[in-house]
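# Commentary on secondary and tertiary structure
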Amino acid sequence: MTKSMRLRRRREFLAVQHAGSKIGSRHFLALVAPGTAVGSVGRVGFTVSKRVGNAVARNRVKRLAREWLRTHGWVPAGRDVVVIAKDSAASLDGLAEVGADLARLRDRVAAW
RNA sequence: CGGAGAGGUCGAGGUGAUCGCUGGUGCACGCAGGCGACUGCGUGCGCGGGAGGAAAGUCCGAGCUUCACAGGGCAGGGUGCUGGCUAACGGCCAGUCGGGGUGACUCGCAGGACAGUGCCACAGAGAACAGACCGCCCGUCGCCGCGAGGCGCGCGGGUAAGGGUGAAACGGUGCGGUAAGAGCGCACCGCCUGACCGGUGACGGUCGGGGCACGGCAAACCCCACCCGAAGCAAGACCAGACAGGGGUCGCGUGGCCCGCGCGAUGACUCCGGGUUGGUCGCUCGAGCCCACUGGCAACGGUGGGCCUAGAUGAAUGAUCGCCACCGGCGCAAGCCGGAACAGGACUCGGCUUAUCAACCUCUCCGACGG
RNA sequence: GCCCACGUAGCACAGUGGCAGUGCACUUCCUUGGUAAGGAAGGGGUCGGGAGUUCAAUUCUCCCCGUGGGCU
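Let us look at the structure shown here. On a predicted model such as this, the values are computed, not experimentally measured, just so you know. (Residues numbered from 1 in each chain as written. Chains lettered and ligands numbered in written order. Predicted model: local features only at pLDDT ≥ 70, side-chain atom pairs only at ≥ 80, totals over all residues. Heavy atoms only, no water.)

What follows covers the sheet that holds strand β4 (residues 79-85). One open sheet accounts for 4 strands, arranged β1-β2-β4-β3; its pairing is mixed. Of all the strands in the sheet, the pair left with one neighbour each is β1 (21-24) and β3 (43-47). Each neighbouring strand pair of the sheet contributes to a mean axis angle of 25°, computed without reference to strand direction. Pairing between β3 and β4: 5 bridges, direction parallel. What sits directly across from Phe46, in β4, is Val83. Relative to β3, helix α1 (residues 10-19) is tilted by about 90°, and along the sheet it contacts β1, β2 (28-34), β3 and β4. Each of β2, β3 and β4 is contacted by helix α2 (residues 55-72), which is oriented at about 160° to β3, the strand it contacts most. (Pairing = 2+ DSSP bridges. Helix = DSSP H or I, 4+ residues; strand = E, 2+ residues; numbered from the N terminus. Axes fitted to C-alpha atoms, helices over the stretch in contact; angles between N-to-C directions. Contact = heavy atoms within 4.5 Å.)

Written as structure tokens, this is what we have:
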């Protein structure tokens, strides 16, 4: 997951949040918009607010989600996606549980 | 051996493999910009760096920055036994006094209640220049009784020892004394007070004097002593960009006020409306860390030598597997299964407080047993 | 990251150093053929938690926990 595959500027996040469509799963909410990156590479960004938990819990959610996406191939071409963690995401334990939920979300985003 | 008290040290699993992240640096390639040197972004490879003891809570103190910020006063806030340490502190060290504990030890926002004001509910006779409800004692009146004496919704007086109320009842205990009592007298304790001695001081000790007049609450107002200008790195500085101006006041500029000071009419301030989804700096060398010697009971200081140790910005340390080490359970054993906390920088330090896993060490006290 | 404010009955709020209250809601009864409205009676509180000051703390002091808001 290199830099070009992630949303890295506040401007990019806001663009997706304003224009994107909502797709939910049990523990995450995805906002999807047409990609604007060069070469139509699919990009993703994570939002984990303080509602989820303390700093350790928030970092863990982001790291697990990133790791699963890295190893299982995410980001359909031509999409920009913001993944927002719901409060319940803090209760997810381990890569397998995160992956189970994200797999469903990925399929629905790919079909969008 | 058992129980208890005080303090300190180290770590925050290690290692290997594979796949990854971050920003720094070197090289290569691609894209964009520039006449160019080159710059920015992305990708790949190499090299080295990459969270804590609390990074947390934001409870104190500072550095730093801006407010034109130098001054006086009032108001406001803070601290509160003494001495010391420190850049500073509400922190730390050493002591004093008071409470707790057999003890080691521990806890304490621990100045002033004759500078003033205020408050002490309920209960109780009486609650702050106290107070006779019951009781006790004396005298007197009446009644009963042979008498000693007894009785009284009688009267007058004495009495703060006893009962009872209360958080608290105007020194405590004992002896004497008295009609009953009372510091009325005496002894001890306490209190007040004077002198002397020790100590930098808080304070302590000794001797003498006074029968005692002094309730509690200042985390109630307050008084006294000392300290404090305000805001906070989203401070602030610079660069680039966007937009649309219009109205009000005559004075405005700190954190509340006054004085003082400064600025001001092509000016200053303020309100309404509009615009602002950038970048660079601040940003890590600092009251810094380690070692040795040294002054000090200690906190801490001095001298010399060595070291450079995260600087991100939608925000980086992760995942999987193996081995070793730690803890728990089962098992004769080999081994098997399970567990491993609290929690992550966001300008930086010094403290405090709170959360929490494990190992080790030192000193001390009490009890029992043995020598 | 920084700075504020607030936690009292099921809900919304008063209160202040001495018994914790108001409105709505709730329960029972009256009224009605029945319901609503109305009337009467009643129950319900670790005053967010823990220490401390005080004779006495919801109130004063300190430390925690939670909730909400503001600052680019």
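Nonpolar side chains tend toward joint burial in soluble globular proteins. Membership of the largest hydrophobic core comes to 22 residues, with the highest contact counts inside it found for Phe28, Val61, Val81, Ala85 and Leu102. Going through the elements one at a time, β2, β3, α2, β4 and α3 (94-110) are the ones with two or more residues in this core. Considering every element that reaches this core, the biggest residue donor is α2, with 5 residues. (Core = buried A, V, L, I, M, F, W, Y, C linked by side-chain atoms within 4.5 Å. Buried < 20%, exposed > 50% of the residue type's maximum accessible area, 1.4 Å probe, protein only.)

Below, the discussion takes up the protein's contact with RNA strand B. Lining the immediate surroundings of RNA strand B are 26 residues, of which Arg6, Arg9, Phe13, Leu14 and Thr47 lie closest. For RNA strand B, the backbone makes up 64% of the atoms found within 4 Å of the protein, where backbone means sugar plus phosphate. Note that a phosphate oxygen of RNA strand B is positioned 3.4 Å from one of the backbone N or O atoms of Val56. One nitrogen or oxygen atom from the side chain of Asn59 is found 3.1 Å from a base nitrogen belonging to RNA strand B. The set of elements that each furnish at least two residues to the surface near RNA strand B consists of α1 and α2. In terms of residue count, α2 provides more of the surface near RNA strand B than any other element does, 9 residues in total. A breakdown of the residues in the surface near RNA strand B according to their chemical character gives 7 nonpolar, 7 polar and 12 charged. (Near = heavy atom within 4 Å. Polar contact = N/O pair within 3.5 Å; in protein donor to acceptor, adjacent residues only side chain to side chain. Nonpolar A, V, L, I, M, F, W, Y, C, P; charged D, E, K, R; others polar.)

Right, let's get into the pattern of salt bridges. Enumeration according to the criterion identifies 5 salt bridges in this entry. Here Arg43 ties to Asp80 by a salt bridge, and the two come within 3.0 Å at their closest N and O atoms. Note that Arg43 is positioned in strand β3 and Asp80 in strand β4, a separation of 37 residues in sequence. Each of the two residues, Arg43 as well as Asp80, counts as buried. (Salt bridge = Lys/Arg side-chain N within 4 Å of Asp/Glu carboxyl O.)

The next thing to look at is a positive patch on the surface. Judged by side-chain charge, Lys3, Arg8, Arg9 and Arg11 come together as a positively charged surface patch. One can find Lys3 in the segment before α1. According to the relative accessible area criterion, Lys3 is exposed, its value standing at 56%. (Patch = residues over 30% accessible without salt bridge, like charges linked within 9 Å, V, L, I, M, F, W, Y side chains within 5 Å. Areas by Shrake-Rupley, 256 points an atom, 1.4 Å probe, with all protein chains shown as cover. Lys, Arg positive; Asp, Glu negative; His and termini not counted. Charge placed at Lys NZ, Arg CZ, Asp CG, Glu CD.)

Further remarks concern the side chain of Ser25. On the secondary structure map, Ser25 appears in the loop between β1 and β2. Look at Ser25 and you get buried, because its relative accessible area is 14%. Looking at Ser25, its side chain comes within polar contact range of the side chain of Asp101, at 2.8 Å. Ignoring sequence-local partners within four residues, the contact set of Ser25 consists of Lys86, Asp101 and Leu105.

Functional significance is not addressed by these values, which are geometric in nature.
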